[in-house]
Amino acid sequence: MKTELLSPAGSLRAMRYAFAYGADAVYAGQPRYSLRVRENEFNKMDVMAAAIEEAHSLDKLFFIASNLSPHNNKVKTYLRDMADVVAMKPDAFIMSDPGLIAMVKETWPDQEIHLSVQSNAVNFATVKFWKNMGISRVILSRELSLDEIEEIRQECPDIELEVFVHGALCMAYSGRCLLSGYINHRDSNQGACTNACRWKYQATPAEETAEGNIQANMEVGTFEPKPLQMVLQDVTKPDEIIPAYEDETGTYFMNSKDLRAIQHVERLMKMGIDSLKIEGRTKTYFYAARTAQAYRQAIDDAAAGRPFNMALMDDLESLANRGYTEGFYRRHVPGEMQNYENGSSKMHQHQFVGDVTFVKDGWATIEVKNKFCVGDMIEIMTPKGNHKLRLTAMRDKRGDECSEAKGSGHIVTIPWPAHANPEHAMILRELPVNKNT
């Protein structure tokens, strides 16, 4: 059985980079009916149709997320709006609402449907129920351990199962959160989440006005926040306290770390999990490429019987993240048995600094994204493999020698190794090792 690598596609470019770097399938969504309503290229029907056609021309799969919890107004327009989408022949809809699922199955019986993680499938009885409803694949809840996933696989051998292996985690149960709706009236279950759990919160003196309103007790611009240390405590359990700290950057008490489960790819494949999914439809094309490349190698290594490559953990450090966790896969990580964080000889962290636009006469033209300099160790990242080297020369857009690419908006050229394929290539700068970590 081939294990599918499923990547996010928030744009055509992200889709193309995900495919170039090893994804077997991508998922995108129409803003009105998925859990990412913000505008994107796929809001245009012709763009989505072209993307599906392009994916199929590459022998890849294209899934469409249609997984919000709809109120009546969206139920009434759903079939009308989805008719043109069905005609594009996507490989599956990712859905969560039983009513919409029933409507699709009745109107388009042959349309394949995958059950969204929003439906919170956490046991084998639920999986069997949805199979009987005509669902071809169930995306299991993030709140499951590896042992629970394995038991579901054993109990449900005749349906496809998908699990998340990388990306943002929600502080609520598989995204069923009310914070955004309560704080600023944007319902996360309607696709309008503002990520209120990740905001910086600051403790500020306050007072009640004569009208009964609460307002900050300070003059604008005069309050100097001081470091704060508190504990949260259930009064019925005086011995159990949860520390909360605030400093000049704020407090992130509800902010979850990001999921990174690349070290568990081999076990998930041995269980017979059909698809390994990467979260991140609002992320960049670099994110789509880097995650696809790392997880592609992990899948291929496991399939070939090769041991897990610890360097892949470090490769994922080049992505912006809130710190990594393996989520609920193991409740008590046996750190004394395996140290995944420092398993390689050095921690090589990288920063994405430029796109390769074309190569001519041994020089590559770079569209700069972040500053890098002559003398830096760089990594040329390509779908055919990565190449590390020290940057020895650079020219500006006029062809004059220079020592640094100053940042986004600049164009430079750098020497290009003859053996490196420039298609979909990107440049990373190796960051200094933090000896305190």
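Residues numbered from 1 in each chain as written. Predicted model: local features only at pLDDT ≥ 70, side-chain atom pairs only at ≥ 80, totals over all residues. Heavy atoms only, no water.

The protein is annotated in an unreviewed UniProt entry as Putative protease of Umboniibacter marinipuniceus.

Engineer: Tell me about the nonpolar core, and name the residues and values.
Structural biologist: What tends to happen in soluble globular proteins is that the nonpolar side chains get buried as a cluster. Residues Phe 62, Val 138 and Leu 140 are the most contacted members of the largest nonpolar core, which totals 92 residues. For this core, the element with the most residues is helix 9 (residues 285-303), which contributes 11 residues. If sequence neighbours within four positions are ignored, Val 138 has contacts with Leu 115, Ala 121, Val 127, Trp 130, Ile 159, Glu 160, Leu 161 and Glu 162. Formed by 17 residues, the second largest nonpolar core is a distinct cluster that contains Ile 366, Ile 380, Ala 405 and Ile 414. (Core = buried A, V, L, I, M, F, W, Y, C linked by side-chain atoms within 4.5 Å. Buried < 20%, exposed > 50% of the residue type's maximum accessible area, 1.4 Å probe, protein only. Helix = DSSP H or I, 4+ residues; strand = E, 2+ residues; numbered from the N terminus. Contact = heavy atoms within 4.5 Å.)

Engineer: Give me the lowdown on empty space enclosed by the protein, citing residues and values where you can.
Structural biologist: Counted under the stated rule, the structure contains three cavities of 30 Å³ or more. Considered as a void within the structure, the largest cavity measures approximately 80 Å³ in volume. Forming the boundary of the largest cavity are Leu 140, Ser 141, Arg 142, Ile 149, Val 163, Phe 164, Leu 169, Leu 259, Glu 326, Gly 327, Phe 328 and Tyr 329. Partitioning the lining of the largest cavity into residue classes produces eight nonpolar, two polar and two charged. One number sums up the size of the second largest cavity: a volume of about 60 Å³. Every element with two or more residues in the lining of the second largest cavity is listed here: helix 8 (265-271) and helix 9. With three residues, helix 9 is the single largest residue contributor to the lining of the second largest cavity. (1 Å grid on protein atoms, 1.4 Å probe; cavity = no way out; pocket = protein on both sides within 12 Å on 5 of 7 lines; lining within 4 Å. Points joined across faces, edges and corners; volume = space filled by probe spheres on them. Nonpolar A, V, L, I, M, F, W, Y, C, P; charged D, E, K, R; others polar.)

Engineer: Report on the packing of aromatic side chains, specifying residues and quantitative values.
Structural biologist: Inspection of the entire model under this criterion finds seven aromatic pairs. Between Tyr 17 and Tyr 21, the ring centres sit 6.5 Å apart and the planes meet at 10 degrees, which makes this aromatic pair stacked. The exposure class of Tyr 17 is buried, given its relative accessible area of 8%. Residues Tyr 33 and Tyr 78 carry aromatic rings whose centres are separated by 5.1 Å and whose planes lie at 90 degrees to one another, so their mutual orientation is edge-to-face. In this pair, Tyr 33 is assigned in the loop between strand 2 (25-29) and helix 2 (45-57) and Tyr 78 in helix 3 (residues 72-87), connecting sequence segments 45 residues apart. An aromatic cluster of at least three residues, connected via ring pairs, comprises Tyr 17, Tyr 21, Tyr 285, Phe 286 and Phe 352. Positioned above the aromatic ring of Tyr 27 is the side chain of Lys 277, whose terminal nitrogen or guanidinium carbon lies 4.4 Å from the ring centre. The ring of Trp 363 is capped by Arg 395, whose NZ or CZ atom sits 3.6 Å from the centre of that ring. (Phe/Tyr/Trp six-rings, centres within 6.5 Å; stacked < 30°, edge-to-face > 60°. Lys NZ or Arg CZ within 6 Å of the ring centre and 35° of its normal.)

Engineer: Give a detailed account of unusual backbone geometry, specifying residues and quantitative values.
Structural biologist: Here Lys 89, not a glycine, exhibits a phi torsion of approximately 65 degrees, which is positive. Assignment of secondary structure puts Lys 89 in the loop between helix 3 and strand 4 (92-95). Its identity is not glycine, yet Asn 120 carries a phi of approximately 60 degrees, on the positive side. Structurally, Asn 120 can be placed in the loop between strand 5 (113-115) and helix 5 (124-132).

Engineer: Quick one: what's the story with the environment of Tyr 287, residue by residue and with numbers?
Structural biologist: Following the sequence through the fold, Tyr 287 ends up in helix 9. Along the backbone, Tyr 287 and Tyr 17 are 270 residues apart, and their C-alpha atoms lie at a distance of 9.2 Å. If we skip the residues at most four places from it in the chain, Tyr 287 touches Pro 8, His 166, Gly 167, Ile 278, Glu 279, Gly 280 and Leu 319.

Engineer: Please set out the sheet that holds strand 15 (residues 350-360) residue by residue, giving values where relevant.
Structural biologist: The strand order across the open sheet built from seven strands is 19-18-23-15-16-22-20, with neighbouring strands paired in antiparallel fashion. Edge strands, defined here as strands with exactly one partner in the open sheet, are strand 19 (385-390) and strand 20 (395-396). Pairing of strand 16 (residues 363-368) with strand 22 (residues 411-415), which is carried by five bridges, proceeds in the antiparallel orientation. When the bridges of strand 22 are listed, Thr 365 appears paired with Thr 413. Across the sheet, helix 9 lies against strand 15, strand 18 (377-382), strand 19 and strand 23 (426-430), angled at about 80 degrees from strand 18, the strand it touches most. (Pairing = 2+ DSSP bridges. Axes fitted to C-alpha atoms, helices over the stretch in contact; angles between N-to-C directions.)

Engineer: I'd like a description of helix 3, backed by residues and values.
Structural biologist: Approximately 45 degrees is the largest bend angle found in helix 3, and it occurs at Tyr 78. Buried within helix 3 are the following residues: Lys 74, Thr 77, Tyr 78, Met 82, Val 85 and Val 86. Looking at the buried residues of helix 3, the elements they touch are helix 2, strand 3 (61-66), strand 4 and helix 4 (98-107). Positive phi shows up at Lys 89, right after helix 3, with a value of about 65 degrees. (Bend = angle between axes of the 7 residues up to and from the residue.)

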